[in-house]
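Here are the chains, one letter per residue:
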Amino acid sequence: MEQQQHFILFPFLAQGHTFPFLNLAKQLEQHTRKHDNNTIITLVSTPLNVAKLRNSISETSCIKLAEIPFSATSHGIQAGIESTESISLNQFDAFFEATETSLQPPFEDLIASLINQGQTKICIIADYFLGWTVEVAEKYNISHAVFATGGPYGMAVMFSLAVNPPPPSFYLRASPNEMTTLVDYPEVQVPYSDVVNIIAPLDRPINAFVRRQLLCSFRSHAVLLNSSEELDKQGIRLLRSYPSLPLYTIGPLVRERSLCSLTDNNSEEEQCINFLDSKRPNSVLYISFGSQNTIHALQMIELAKGLAASGRPFLWVIRPPSEFEDEFEGEFREEWLPKGFKANISQKAQGILLHNHCGWNSVLESLYEGVPIIGWPLSADQLYTSSMLQDMGAAIEIARGRYFGGLEKGWQGVKDAVEAILDEEKGCGSKMREKVGEIRDVIRAAVRDDTGFVGSSCKAMESFLQAIFDG
């Protein structure tokens, strides 16, 4: 009897990374059921994250969950914190380093126990922020793959800047528009304003952490991308040239509608559904900067003014401004919004503020459903994801960057962008919706696996599964 294949999926401790891994697990499960393979799929995370994942997996699923302990208290992080959305941005360095020192021993113990049980056909599929898992795979002579959860072009630029950053002299003399050439992609130039929004200052510990994880990841056997060959051709071409690993485009992997939620709060969820049911189709704006991002206080006020002036209905997942990010667990203060804003939108039934994520997961879900996007990328790969969407005719960008750019046209820029997309007669909404509809059809075809038709991403998944245990 052929030995069971065992896929160990290990996402980084962040909501924007965990859910793509869950979607990947379900994709592997579908393949297993279709081909009747003797395969085990296990998602590994910490206790609190496993509890959340359990609610998203049906009772009939064959996906297993495995808990490993995590504590960042020795790094100054409060006990019980197991995800980036529970910390402020100034705690990121300590939290990221804790994921390496705290998670590595119990994860290695997990793999060792499986080996001792006689399992040898094991493949670890890990996050690129958990690159140290390659060393575990090498120690036990098992397969390893990296799952990149961001957009291909943005990932390529971020990887290159993290591993081979510009010289310190560039930071001292550069103006916002001065360009630097990427060492790994000589044909790509990046402005200083983007560099400082993609990677942290060179003296931050998180830079050494990311570089260390990426260099380990580049020793993996394969890279899986949550994208399709048709969606970001230039980014995929760059990643195929560096880090020169076998690359498989297996996406887009998006959440099932039944599992999509705007909030973890049941009463807020019901309020949202009732609000949406009361509005015309294609008329509501959804605003979110992610589970761990926010904007400056003055920008938040301008954004609120622009929304109010547009008169369009909206749902806004709101966090305290960046100046007050350490207070994310406290009550949201109305002083962070224009005077009377909350009362006015409530009275007019114009909007709802949710107190609970331009990220790649949100982008894929929007494109998959044919929904146009207003982009306000803040950092990392978001900047180039937004640029790609504009080039495709799927988005309008109103602001760019956390440290440079911002909302240069103020509230009027917000109002103009909202009206451009939602005003079907005067704006470009109809044209954009038509273009996004074309993109939707292309990427849905990529993940189709019907009689007589197999999409490009399904073929890529099949190729990966055939190759990963043979390498």
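The rules behind these values
- Residues numbered from 1 in each chain as written.
- Predicted model: local features only at pLDDT ≥ 70, side-chain atom pairs only at ≥ 80, totals over all residues.
- Heavy atoms only, no water.
- Helix = DSSP H or I, 4+ residues; strand = E, 2+ residues; numbered from the N terminus.
- Rg over C-alpha atoms; globule rule 2.2 N^0.38 Å.
- Buried < 20%, exposed > 50% of the residue type's maximum accessible area, 1.4 Å probe, protein only.
- Lys, Arg positive; Asp, Glu negative; His and termini not counted.
- Charge placed at Lys NZ, Arg CZ, Asp CG, Glu CD.
- Domains from an automatic or database assignment.
- Contact = heavy atoms within 4.5 Å.
- Buried area = accessible area lost by both parts, 1.4 Å probe.
- Salt bridge = Lys/Arg side-chain N within 4 Å of Asp/Glu carboxyl O.
- Polar contact = N/O pair within 3.5 Å; in protein donor to acceptor, adjacent residues only side chain to side chain.
- Nonpolar A, V, L, I, M, F, W, Y, C, P; charged D, E, K, R; others polar.
- Pairing = 2+ DSSP bridges.
- Axes fitted to C-alpha atoms, helices over the stretch in contact; angles between N-to-C directions.
- Phe/Tyr/Trp six-rings, centres within 6.5 Å; stacked < 30°, edge-to-face > 60°.
- Lys NZ or Arg CZ within 6 Å of the ring centre and 35° of its normal.
- Right-handed = clockwise from strand over helix to strand, strands pointing away.
- Parallel < 35°, antiparallel > 145°, perpendicular 65-115°, else oblique.
- Left-handed = near helix turned anticlockwise from the far one by under 90°.

Let us look at the overall build of the protein. A tally of helices and strands in the protein yields 17 helices and 16 strands. A compact globule built from 471 residues would reach a C-alpha radius of gyration of about 23 Å, and the protein, at 22 Å, matches this within 12%. When the backbone C-alpha atoms are referred to their principal axes, the protein occupies close to 65 × 55 × 45 Å. Looking at the protein residue by residue over its 471 residues, the buried ones come to 57%. Treating the 39 positive side-chain charges of the protein as one cloud and the 56 negative ones as another, the clouds have centres 4 Å apart.

Attention now goes to the domain arrangement of the protein. Taken domain by domain, the protein comprises domain 1 (5-256 + 454-468) and domain 2 (265-441). A separation of 27 Å is found between the C-alpha centroids of domain 1 and domain 2. Residue-level contacts link 37 residues of domain 1 with 29 residues of domain 2. Carbon and sulfur atoms make up 60% of the area that domain 1 and domain 2 hide from each other, which totals about 2700 Å². Contact with domain 2 buries surface across domain 1, with Leu89, Asn197 and Leu231 losing the most and accounting together for 24% of the total. The salt bridge partner of Arg400 is Asp194, with a shortest N-O separation of 3.2 Å. Connecting domain 1 to domain 2 are 2 residue pairs in polar contact (both at pLDDT 80 or more). Secondary-structure elements contributing two or more residues to the side of domain 1 that touches domain 2 are helix H1 (15-35), helix H5 (152-163), strand S7 (189-191) and helix H7 (192-198). Along the lines of polarity and charge, the residues of the side of domain 1 that touches domain 2 split into 19 nonpolar, 14 polar and 4 charged.

With that settled, the discussion passes to the pairing of strand S11 (residues 314-317). Neither face of S11 is exposed, since Phe314 and Trp316 on one face and Leu315 and Val317 on the opposite face are all buried. Relative to S11, strand S10 (residues 285-287) runs parallel, the two sharing 3 bridges. For Ile287, the partnering residue across the bridge sits in S11 and is Trp316. Two elements, S11 and strand S12 (residues 351-354), share 4 bridges in a ladder whose sense is parallel.

On to unusual backbone geometry. Glycine aside, the phi torsion of most residues is negative, and most peptide linkages are trans. At the junction of Gly251 and Pro252, the peptide bond is cis and its omega measures out at 5° in the coordinates. Along the polypeptide, Pro252 turns up in the loop between strand S9 (247-249) and helix H10 (266-277). Despite not being glycine, Asn282 has its phi angle at roughly 60°, a positive value. As for its placement among the helices and strands, Asn282 is situated in the loop between H10 and S10. Phi is positive for Ala349, close to 55°, though the residue is something other than glycine. Locating Ala349 in the fold gives a position in the loop between helix H12 (341-347) and S12.

Moving on, we come to the sheet that holds strand S1 (residues 5-10). Across the sheet, 7 strands lie side by side as S3-S2-S1-S4-S5-S8-S9; this open sheet has parallel pairing. Because the sheet does not close on itself, it has two edges, and the strands there are strand S3 (63-67) and S9. The average undirected angle you get between the axes of adjacent strands in this sheet is 25°. Where strand S2 (residues 39-45) and S3 come together, 5 bridges link them in parallel fashion.

Right, let's talk about the packing of aromatic side chains for a bit. One pass over the full model with this rule turns up 24 aromatic pairs. Taking the centre distance of 6.4 Å and the plane angle of 85° together, the rings of Trp316 and Phe341 count as edge-to-face. Of the two residues, Trp316 is situated in strand S11 and Phe341 in helix H12; the sequence distance between them amounts to 25 residues. Like Trp316, the residue Phe341 is buried in the burial classification. Members of the aromatic cluster, each reached through a chain of ring pairs, are Phe12, Phe70, Phe92, Phe95, Phe96, Tyr128, Phe129, Phe159, Tyr185, Phe209, Phe218 and Tyr242. Seen from the ring of Tyr368, Arg444 lies directly overhead, with NZ or CZ sitting 4.6 Å from the centre.

In terms of residue burial, strand S5 (residues 143-148) counts as a mostly covered element, since 6 of its 6 residues are buried. Going residue by residue along S5, you find Ser143, Ala145 and Phe147 tucked away on one face and His144, Val146 and Ala148 tucked away on the opposite face as well. Summarising the sheet, strand S4 (residues 122-127) and S5 pair through 5 bridges and their orientation is parallel. What sits directly across from Ala126, in S5, is Val146. In terms of handedness, the path from S4 via helix H4 (residues 133-140) over to S5 forms a crossover that is right-handed.

What describes two packed helices is the angle between their axes and the distance between those same axes. Put simply, H5 and helix H9 (residues 233-241) touch, their axes get as near as 7 Å, and they point 40° apart. Between H5 and H9, the angle is such that the two are oblique. By crossing handedness, the relation of H5 to H9 is classed as left-handed. In this structure, H5 contributes Pro152, Tyr153, Met155, Ala156 and Phe159 to the contact, and H9 contributes Gln234, Gly235, Ile236, Leu238 and Leu239. Residues of the contact of H5 with H9, tallied by class, amount to 8 nonpolar, 2 polar and no charged.

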